[in-house]
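Here's the letter readout for the chains.
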Amino acid sequence: MTNVNQVNAQKYSLAAQQLSKTVAVKIRYLQTLAQAVENKNDRLVYQLIDGQRYSEKVMQSKHSTADTKNESLVDDISDTISQYLSGNLLAYLHETYPFFYFEQVKKGLFQFYFGNWWDRKLFGSLDVLRVSFEFDKAEYEKLRRAFALDAENKRLNTDKIASLSDQADQLQALIDSQGQRDTEKEKVRLQLKKNAQEKVMPWEAAKLRDAKQQLVEHLSELTEQDEKAQTAYRLIKENEDQVLALSKEDTLIGYEKQSIIAKFGSFENFEARNKTLYRDYIADLIATKGRVNINE
Amino acid sequence: MSKDYRQPTEIFEPQKSQRQLRTIEDAATLSTSGRLITYNDQLKDSLKHGKIFTELFDSLIETNDPSELLSAAQKLVSYHLDTSFITFPQQYSRSDFYLIFLNRLLALHDKERVILQSSDRFHELYHEFPGINTLGYFIFQLETTAQKGAYYTEKNTGETLFYLSFDKHVLRFNSRALTELLLVKYTDDVTKETLRGFEEYLLDIGKFLKEDFGFDVDFTLLDPSNSAVYQVADSNLPRTILDKLFVETAQGGRILERGVNGEAVLKLDDDIVVKLFSQNVNEGASNGWSIKVSDPLHKESWFDVLLEYSFLRTWYLNNLESLEIKSDSLYFN
């Protein structure tokens, strides 16, 4: 009996010990996090909340020092952590990406616009915890293509605008040639009338029928063009609006390109910098002793 | 050129008419000597009336006191020199008095840039501005309603640049005519310096009327003050018009920026900033779209900017239907 009791007591105290230890580890994790926040040591916060990313990107080591179980302790307060970390991160991004203008959507969540010009585009959102941009795919692709088109000396919408302008010219020509068509129609009608009155030898009847058929076809062709001309004004106006929208987009992208070139020299450099953003930022935190904070 | 704008001589006046009526009624009952005395009295009155006119005229052309000048001009523009007893065949018109007044006022401030010419052929005075004198000349066109004012009018085009009323102490510029004349008609033939000079001349008129006599002046698009808000005609300015400005600004090598409150901001040379914004004042009542021009010296107006920057002028004129700066609708339609 006593043995059993003793065994049970031992087991019990072992379990208690283990639990205390486990809880203590968790407490230590949270305490370290709290301390890091108190010391404004953002670098350490980043390391604590995502050890795997930290070791992969910063230490560039394959062996993860991730403590995922403890990290999950703060999963439900990621917005609060994000809000805290955004302070220094946004200051850093303001210097490194001066053309991105950030706007808080809700706690810990930020989206950004490209540029401060008229009707600038919403270009993506910021993942504060991962220190990375999530670009709007469509806009990013347009920018990438615009850079690629540099080689051809073209802007993104050059071809579309050219084809719209051609259409507009054709429509205008259709409007301008109304008088000419009217004369032409009159001529065809007269000819038809003349043919109808003409008396021909039976063996020539087929030829006459053919001629008549041709004239009728020509007339309907002209009438068709008249109808098109009537809608041409509206189409030209629509066409103008489209060209304006495309020119506006080209102008916007032009400014975006200029901004990137001014800061990074090329689109490739820009993309490369985006890839190393996490590492660069942590390095900057170390170099500047946590930016705002000097008591690391 | 004709005398269209000269008011026909009026001999009918409310106070006088009473007495004239009485004279006619009484005439029948009067003795011959009575008639002679009455006739002589009327002549004396008429002469006195003419004398007063010459005194006012003296004042108009000679006084160095601005308030005397205004008072003389104000009286002269409604003075009926002729009576039923004496008429004066050689007279200046009311338009002429307005013109003389402006030259005298500007001269008192050493700012007389406009030349007062007299046409012997058409018996009228007119304003000629050096540099644009081959294109037209200016006179006053009297208001046809009972409001007692006059429109400063370019004679060839009929454009009325401003409305002036001594009685109401009001000066109103007409943005449409200013745009039409100075930014459209004259742009090819008149130098920018001359147009600037003409603008200064107009501004001086407003300035002195305001400072010397407390006139209520609406400069519209000429107003150089940074606090001036130029309201555009279309309160629901189509988005495409701003898009056009955005594209044309880029072609002009500049950027149309977005301000903190969503307004469109255009930075020009010499720290001149143009802002376009929709005023959504509380209670959701929209005052529509407006333009503001600011510069460190409070010197530049929307007009100056349009004159200086051809891409803005092109944009403004191409979309004038929506963008035209409002003038006082009481005087201009």
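Residues numbered from 1 in each chain as written. Chains lettered and ligands numbered in written order. Predicted model: local features only at pLDDT ≥ 70, side-chain atom pairs only at ≥ 80, totals over all residues. Heavy atoms only, no water.

Peer 1: Mind showing me how you'd approach helix α3 (residues 66-76) of chain B here?
Peer 2: Residues separated by three or four positions in an α-helix point in the same direction, a consequence of the helix having 3.6 residues per turn. Residues and elements named next belong to chain B. Within α3, burial applies to L69, L70, A72, A73 and L76. Each buried residue of α3 lies within a common arc of 165° when the element is viewed along its axis, so the set occupies one face. In this fold, the buried residues of α3 make contact with α2 (32-62), α4 (94-108) and α6 (192-213). (Buried < 20%, exposed > 50% of the residue type's maximum accessible area, 1.4 Å probe, protein only. Helix = DSSP H or I, 4+ residues; strand = E, 2+ residues; numbered from the N terminus. Arc of directions from axis to C-beta. Contact = heavy atoms within 4.5 Å.)

Peer 1: What's the story with a negative patch on the surface in this structure? I'm lost.
Peer 2: Residues and elements named next belong to chain A. Taken together, the side chains of E217, E221, E224 and E227 present a region of like negative charge at the surface. For E221, the position within the fold is in helix α9 (residues 205-264). What makes E221 partly exposed here is its relative accessible area of 46%. (Patch = residues over 30% accessible without salt bridge, like charges linked within 9 Å, V, L, I, M, F, W, Y side chains within 5 Å. Areas by Shrake-Rupley, 256 points an atom, 1.4 Å probe, with all protein chains shown as cover. Salt bridge = Lys/Arg side-chain N within 4 Å of Asp/Glu carboxyl O. Lys, Arg positive; Asp, Glu negative; His and termini not counted. Charge placed at Lys NZ, Arg CZ, Asp CG, Glu CD.)

Peer 1: Can you walk me through the domain arrangement of chain B in this structure?
Peer 2: By a widespread convention, an interface's size corresponds to the accessible area lost as its parts come together. Residue and element names in this part refer to chain B. Domain parsing of chain B yields domain 1 (14-88), domain 2 (99-222) and domain 3 (229-323). With 13 residues of domain 2 at the interface, the matching set in domain 3 holds 13 residues. Together, the buried faces of domain 2 and domain 3 total about 1,200 Å²; carbon and sulfur atoms form 67% of this surface. Three residues, L183, R196 and L221, lead the burial of domain 2 against domain 3; their summed loss comes to 48% of the area buried on that side. Joining domain 2 to domain 3, the criterion identifies 3 salt bridges. A salt bridge links K192 to E308; the nearest nitrogen and oxygen atoms lie 3.8 Å apart. Counting across the interface, domain 2 meets domain 3 through 4 residue pairs in polar contact (both at pLDDT 80 or more). Secondary-structure elements contributing two or more residues to the side of domain 2 that touches domain 3 are α5 (175-185) and α6. A total of 5 residues in the side of domain 2 that touches domain 3 trace back to one element, the largest contributor, which is α5. Residues that form the side of domain 2 that touches domain 3 fall into these classes: 7 nonpolar, 3 polar and 3 charged. (Domains from an automatic or database assignment. Buried area = accessible area lost by both parts, 1.4 Å probe. Polar contact = N/O pair within 3.5 Å; in protein donor to acceptor, adjacent residues only side chain to side chain. Nonpolar A, V, L, I, M, F, W, Y, C, P; charged D, E, K, R; others polar.)

Peer 1: Quick question: what am I supposed to make of the pairing of strand β1 (residues 100-106) of chain A here?
Peer 2: Two faces, one strand: in a regular strand the side chains alternate between the faces of the sheet. All names here are of chain A. Here β1 pairs with strand β2 (residues 109-114) via 6 bridges, running antiparallel. Looking across to β2, one finds that Y101 is bridged to Y113. Count of turn residues in the β1/β2 antiparallel hairpin: 2 residues, of which G108 carries a positive phi of about 75°. (Pairing = 2+ DSSP bridges.)

Peer 1: I would appreciate a short explanation of the confidence of the model for chain B in the present structure.
Peer 2: Where the model shows low pLDDT, its predicted coordinates should not be examined in detail. Of all residues in chain B, 89% have pLDDT values of 70 or greater, and the mean over the chain is 87. Of the regions scoring below 50 in pLDDT, residues 1-19 of chain B engages in 32 contacts with residues more than four places distant in sequence or in other chains. (pLDDT = per-residue confidence, 0-100.)

Peer 1: Got a minute to help me understand the pairing of strand β3 (residues 138-142) of chain B in this structure?
Peer 2: All names here are of chain B. For β3, the buried fraction is high: 4 of the 5 residues fall into the buried class. Across 5 bridges, β3 lies against strand β4 (residues 150-154) in antiparallel orientation. If you follow L142 over to β4, its bridge partner there is A150.

Peer 1: How do you make sense of the environment of N226(B) when you look at a structure like this?
Peer 2: Residues and elements named next belong to chain B. Mapping N226 onto the fold places it in the loop between β7 (216-218) and β8 (229-231). Take N226: its relative accessible area is 17%, and that puts it in the buried class. As a C-alpha pair, N226 and G288 span 62 residues in sequence and 19 Å in three-dimensional space. If sequence neighbours within four positions are ignored, N226 has contacts with K292, V293, S294, D295 and H298. In terms of polar contacts, N226 uses its side chain to reach the backbone carbonyl oxygen of D295, at 2.9 Å.

Peer 1: What is the right way to look at the environment of K26(A) in this model?
Peer 2: All names here are of chain A. Position of K26 relative to the elements: it lies in helix α1 (residues 2-38). With 47 residues separating them along the chain, K26 and L73 place their C-alpha atoms 8.3 Å apart. With residues near it in sequence (within four places) discarded, K26 still touches K69, N70 and L73.

Peer 1: Just checking my understanding: could you explain α9(A) for this structure?
Peer 2: A maximum bend of about 45° is found in α9(A) at A232(A). G265(A) occupies a position one or two residues after α9(A) and carries a positive phi of about 85°. (Bend = angle between axes of the 7 residues up to and from the residue.)

Peer 1: I'm lost on the packing of helix α2 (residues 42-49) of chain A against helix α5 (residues 78-96) of chain A in this one. Help?
Peer 2: When two helices pack together, you describe them by how their axes are tilted relative to each other and by the distance separating the axes. Residues and elements named next belong to chain A. Viewed as axis vectors pointing N to C, α2 and α5 meet at an angle of 140°, and their least axial separation amounts to 11 Å. The orientation of α2 with respect to α5, classified from their angle, is oblique. Of the two elements, α2 crosses α5, and the hand of that crossing is left-handed. Between α2, through D42, V45, Y46 and I49, and α5, the contact on the second element is made entirely by I81, Y84, L85, N88 and L89. (Axes fitted to C-alpha atoms, helices over the stretch in contact; angles between N-to-C directions. Parallel < 35°, antiparallel > 145°, perpendicular 65-115°, else oblique. Left-handed = near helix turned anticlockwise from the far one by under 90°.)

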